[in-house]
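Descriptive structure summary
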Amino acid sequence: MSNPLGKPPATSTAPFSPPPINSVDDTGLSALWLQDLALKILYSQGYMSGFKIAELIALPFAGVTDGILEALKREKMLEVKSSQGGLGEGAYTYGITGAGITRAREALERSQYAGPAPVPFEVYNEAIRRQKTGRMSVTSRTMRQILSQMVLSESTFQRLGPALNSGTSIFMYGPPGNGKTSVARAFGNLVLTQAMYIPYALYLDGQVIKVYDQVSHKLAPDTETANGTGSTGGLRTNPRRDPRWIKIRRPFIVVGGELTLEGLDLVYDEIHKFYEAPFQVKANGGILLIDDFGRQQVRPRDLLNRWIVPLENRVDFLTLHNGRKVEVPFDVLIVFSTNLPPKDLVDEAFLRRLRHKIEIGDPSYEEYREIFKRVAQDKKVEYSDQGLAYLLQEWYIKRNRKLRASHPRDLCDQILDISSYLSVPPTMSRDMLDRAALAYFVDI
């Protein structure tokens, strides 16, 4: 007996892999809806083979797409234009008829979506829950590896690992230029070593919600491909899993000052008549970094209030344009990163909901020295303790200037620019440091 939604049993603890599709019933979509999808693709792209149509709607040809095309032929919506003898019906070239064009236009009036067949919303929800258990737990050794390029105080370092393991929320704050974004990106690099499955799109109440985003999602090698070569993604027929799903690296998505409240809900395209999934849905199973928190056009308090339910209950509620609300899992490590004082952004009640609060402060003199040595070596600038002592005395202590972890990188870049112009070796001489500091620092 087929499982109409391809939905795994709720008690299953096996790693999630999209089950194979053997019939139209297994897709969880109506045959008429799939016929309309095929007609829209033919309408926009012209003549194509049965195999190509199956590839574009991301469904197997045998047992699924062939039945869709056969039904459309019976209704005289399409016709066979040519056939390749001995290669089967999948090699036939199909063309849309006048009746098919009329029906395709009617379908396009409802929605212009013409891509991989979507997955029912409830199947997606179950898949996200199933894949939650696949997260990696980090140890102190792992953390030292992923943060090896950074110089952090030991107390800060020891707080970052448990925060990452929580998989819930982190609030990182402190002055600009000390590595908050770099820490978050190091977390992202670790997450990207793991893989998961997401659908190209979702189906809900006749509406399509696009999930896969070529910008936000990175493909992962798929060892279950039909040819066994581990090629990435693709829409090829694969008897071992549902081709409507794509294997990706666990997401790491960054949003900054462009974030709005509207961007955290389903975005309905009035022209094309389908939805785009919001940032937190695209980040499900991974990390969402809200960088420069407090710099958004929306008030910080309003933005924070939007996260109260997801952070507490690990579920989110999205709104369709008809007003209906739907529940979706919130399996996201959300990282707030800000240069602004926390007291100007959040109140005690919201801070209580954030699992980990970590200050990334200014480096000590010893930490600054270590950063400068590493950066100078990396950028081929001749390092000098005497030069650094001069820089600290003249440009920091005398001027009451705060140390920042980003300064060594930027000052070395200045030295390289100046040395190239003067045609001299890049060194930490007093003259070179004065020139670099004068060009870099601005008293505010």
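To be clear, the structure that these remarks concern was listed above.
Residues numbered from 1 in each chain as written. Predicted model: local features only at pLDDT ≥ 70, side-chain atom pairs only at ≥ 80, totals over all residues. Heavy atoms only, no water.

Attention now moves to the overall build of the protein chain. Helix and strand counts for the protein chain come out as 17 helices and 17 strands. Looking at the protein chain as a whole, 51% of its 444 residues are labelled buried. When contacts within the protein chain are restricted to residue pairs at least 6 apart in sequence, long-range pairs at least 24 apart make up 72% of them. Surface accessibility of the protein chain: about 21,200 Å² in total, with carbon and sulfur atoms responsible for 50%. (Helix = DSSP H or I, 4+ residues; strand = E, 2+ residues; numbered from the N terminus. Buried < 20%, exposed > 50% of the residue type's maximum accessible area, 1.4 Å probe, protein only. Contact = heavy atoms within 4.5 Å. Areas by Shrake-Rupley, 256 points an atom, 1.4 Å probe, with all protein chains shown as cover.)

Looking now at the layout of surface pockets. Roughly 910 Å³ of internal volume is contained in the largest pocket. Taken together, 38 residues make up the lining of the largest pocket; nearest its centre are Gln-149, Met-150, Gly-179, Ser-182 and Ala-405. Among the elements of the structure, helix H8 (154-166), helix H9 (180-191), strand S16 (333-338) and helix H14 (365-379) are those that each provide at least two residues to the lining of the largest pocket. Of the residues contributing to the lining of the largest pocket, the split by class is twelve nonpolar, 14 polar and twelve charged. (1 Å grid on protein atoms, 1.4 Å probe; cavity = no way out; pocket = protein on both sides within 12 Å on 5 of 7 lines; lining within 4 Å. Points joined across faces, edges and corners; volume = space filled by probe spheres on them. Nonpolar A, V, L, I, M, F, W, Y, C, P; charged D, E, K, R; others polar.)

Next up on the list: the pattern of salt bridges. If you walk through the whole model with that rule in mind, you get 22 salt bridges. Residues Glu-370 and Arg-374 are paired through a salt bridge, measuring 3.1 Å at the closest nitrogen-oxygen approach. Note that Glu-370 and Arg-374 are positioned in helix H14 at a spacing of four residues, about one turn of the helix. You can call Glu-370 partly exposed: its relative accessible area is 29%. (Salt bridge = Lys/Arg side-chain N within 4 Å of Asp/Glu carboxyl O.)

With that settled, the discussion passes to the packing of aromatic side chains. Counting across every chain of the model gives 16 aromatic pairs. Where Tyr-113 meets Phe-274, the ring centres are 5.6 Å apart and the plane angle is 80°; that geometry is what we call edge-to-face. Within this pair, whereas Tyr-113 is found in the loop between helix H5 (98-110) and strand S4 (119-120), its partner Phe-274 is found in strand S12 (residues 274-276), the two being separated by 161 residues in sequence. Between Tyr-396 and Phe-441, the aromatic rings sit 5.6 Å apart at their centres with planes inclined by 85°, giving edge-to-face as the arrangement. Here Tyr-396, found in helix H15 (residues 385-397), pairs with Phe-441, found in the segment after helix H17 (430-440); they are 45 residues apart in sequence, far enough to count as distant. Take Tyr-396 and Phe-441: they sit in the same class, and that class is buried. By way of ring pairs, the aromatic residues Tyr-368, Phe-372, Trp-395, Tyr-396, Tyr-440 and Phe-441 are connected into one cluster. Geometry around Trp-395 places Arg-399 over its ring, the cationic atom sitting 3.9 Å from the centre. Across the ring face of Phe-441, the terminal group of Arg-401 is positioned such that the distance to the ring centre comes to 4.1 Å. (Phe/Tyr/Trp six-rings, centres within 6.5 Å; stacked < 30°, edge-to-face > 60°. Lys NZ or Arg CZ within 6 Å of the ring centre and 35° of its normal.)

A word on unusual backbone geometry. Within the chain, Asp-205 stands out as a residue other than glycine whose phi angle is a positive 50°. Its location among the elements puts Asp-205 in the loop between strand S7 (201-204) and strand S8 (207-210). Of note, the phi angle at Asn-400 is positive, near 55°, even though the residue is not glycine. Among the structural elements, Asn-400 can be located in the loop between H15 and helix H16 (407-422). Relative accessible area serves as the criterion here: at 70%, Asn-400 is assigned to the exposed category.

With twelve residues, H9 extends 17 Å from end C-alpha to end C-alpha; this agrees with the ideal 16 Å at 1.5 Å per step. Those residues of H9 lying buried are Lys-180, Val-183, Ala-184, Ala-186, Phe-187, Gly-188, Leu-190 and Val-191. Contact partners of the buried residues in H9: helix H7 (140-146), H8, strand S5 (169-173), strand S10 (252-255), strand S13 (287-290) and S16. (Expected span 1.5 Å × (residues − 1).)

Once that is clear, we can look at the sheet that holds S5. The parallel open sheet is built from five strands, whose spatial order is S10-S13-S16-S5-S17. With partners counted over all chains shown, the strands left at the sheet margins are S10 and strand S17 (356-359), one partner each. Strand after strand, the sheet turns through a mean of 15° between neighbouring axes, direction not considered. Taken together, the five bridges between S5 and S16 define a ladder with parallel strand orientation. Within S16, the position partnered with Phe-171 by the bridge is Phe-336. (Pairing = 2+ DSSP bridges. Axes fitted to C-alpha atoms, helices over the stretch in contact; angles between N-to-C directions.)

Among the secondary structure elements, Phe-279 is positioned in helix H10 (residues 279-282). Taking relative accessible area as the criterion, Phe-279 reaches 27% and is therefore assigned partly exposed. For the pair Phe-279 and Asp-265, spaced 14 residues apart in the sequence, the C-alpha separation amounts to 8.3 Å. In this structure, Phe-279 is in contact with Ile-253, Val-255, Leu-259, Gly-263 and Leu-288, ignoring residues within four places of it in sequence.

Let's shift gears to the pairing of strand S9 (residues 245-249). Along a regular strand, successive side chains alternate from one face of the sheet to the other. Across the five residues that make up S9, a large majority, four, are buried. The pairing of strand S6 (residues 195-199) with S9 spans five bridges and is classified as antiparallel. Pairing of Met-196 across the sheet is with Ile-248, part of S9.

Running from N to C, H14 and H15 cross one another at 125°; their axes reach a closest spacing of 12 Å. When the axes of H14 and H15 are compared, the pair comes out oblique. Considering the relative orientation of H14 and H15, their crossing is right-handed. Taking contact as the criterion, the partners of Tyr-365, Tyr-368, Arg-369 and Phe-372 in H14 are, on H15, Asp-385, Leu-388, Leu-391, Leu-392, Tyr-396 and Ile-397. Within the contact of H14 with H15, the residues separate by chemical class into eight nonpolar, no polar and two charged. (Parallel < 35°, antiparallel > 145°, perpendicular 65-115°, else oblique. Left-handed = near helix turned anticlockwise from the far one by under 90°.)

Among the surface-exposed residues, Tyr-421, Leu-422 and Val-424 lie close enough to one another that they form a single nonpolar patch of about 310 Å² accessible area. Mapping Val-424 onto the fold places it in the loop between H16 and H17. (Patch = residues over 30% accessible without salt bridge, like charges linked within 9 Å, V, L, I, M, F, W, Y side chains within 5 Å.)

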